[in-house]
Every structure is written in structure tokens, then in C-alpha cells.
Amino acid sequence: MVHVLSSRVLLRPADPEASRDFYGRTLGLPVYREFGTGPERGTVYFLGGGFLEVSGRSDVPPTGTLQLWMQVDDCAAAHEEVAARGARILRPPLQEPWGLIEMWIADPDGHRIVLTEVPADHPLRYRP
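It should be emphasised that the depicted structure is a prediction, and the values quoted were computed from it without experimental measurement.

J.: Mind showing me how you'd approach the pattern of salt bridges here?
T.: Throughout the structure, instances matching the rule amount to eight salt bridges. With a closest N to O distance of 2.9 Å, Arg20 and Glu17 form a salt bridge. Note that Arg20 and Glu17 are positioned in helix 1 (residues 16–26) at a spacing of three residues, about one turn of the helix. By relative accessible area, which is 8% here, Arg20 ends up buried. Residue class for Glu17 comes out partly exposed when judged on its relative accessible area of 38%. A salt bridge links Arg41 to Glu17, with the nearest nitrogen and oxygen atoms 3.0 Å apart.

The structure is reproduced here in C-alpha cells:
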């Protein structure tokens, strides 16, 4: 078995400055660490139980296969906050048939991000 000590998602954006602005200012993710210099320097953000590293640059358009799932405590408040900061809202918060409240946004490269609220009575929080 592979013993994983830490993990992170690596994101190679087309415009690193726009992506750092989105993840740092628009979403307000706290910075774990930064490394390197220049426009393609790396910034690693906290993602709750994981990390997101924005570094380098890609000349290849995104495929749509990368999607990020981020749990928030209040989806309606998150919607107001990120909308006020100019996030591209793909879908406002709605309660899904499976009980979660989800909204969808996109980063500057078009990567889809779901912000999810797990209601207090949902089985993900508590199972007898």
C-alpha cells in the first residue's frame, strides 16, 4: 500500500496571475506556501483537508475533466461573497435531490468548482 503523507491538486493555468487573483482574492483561500519567482511562481492554497497548487503555465486549453469540490458552511453566504467579488457563477445555490446544497462557479480557465453545503441533518454529517 502507498502511504500518502500529504496531497495536493496541481493546476497549470493559462494566466497564472488571473488564477492567483481568483483563488486568493475572489475565493479568499489562505496561502499555505509560495515558491519561485516571476509570473509562473507557485502558490499553494489551503483547501480544508487538502491543498491546491497554482504554478507554471499551460498553453493547452482545459479539458473539462478537472472539477473541484469545496465544502462551505453556508452556501448562500458564499454565493453572495464570491458574486460580489466578480466570480463567474454557473449556477446559484440549490438543494439537490441527494440533500446537499450546491452552487457552481468557474475559475479563469473555466475549471468548474462546486461549493457545497452539507445541511446539519444530512447523513454525511451523522449516521446513527
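J.: What is the right way to read the side chain of Ser55 from this model?
T.: Among the secondary structure elements, Ser55 is positioned in the loop between strand 4 (50–54) and strand 5 (67–71). A polar atom in the side chain of Ser55 sits 2.6 Å from the side chain of Arg12. Within the structure, the side chain of Ser55 is placed 2.7 Å from the side chain of Glu53, a separation counted as a polar contact.

Conventions used here
Residues numbered from 1 in each chain as written. Predicted model: local features only at pLDDT ≥ 70, side-chain atom pairs only at ≥ 80, totals over all residues. Heavy atoms only, no water. Salt bridge = Lys/Arg side-chain N within 4 Å of Asp/Glu carboxyl O. Helix = DSSP H or I, 4+ residues; strand = E, 2+ residues; numbered from the N terminus. Buried < 20%, exposed > 50% of the residue type's maximum accessible area, 1.4 Å probe, protein only. Polar contact = N/O pair within 3.5 Å; in protein donor to acceptor, adjacent residues only side chain to side chain.

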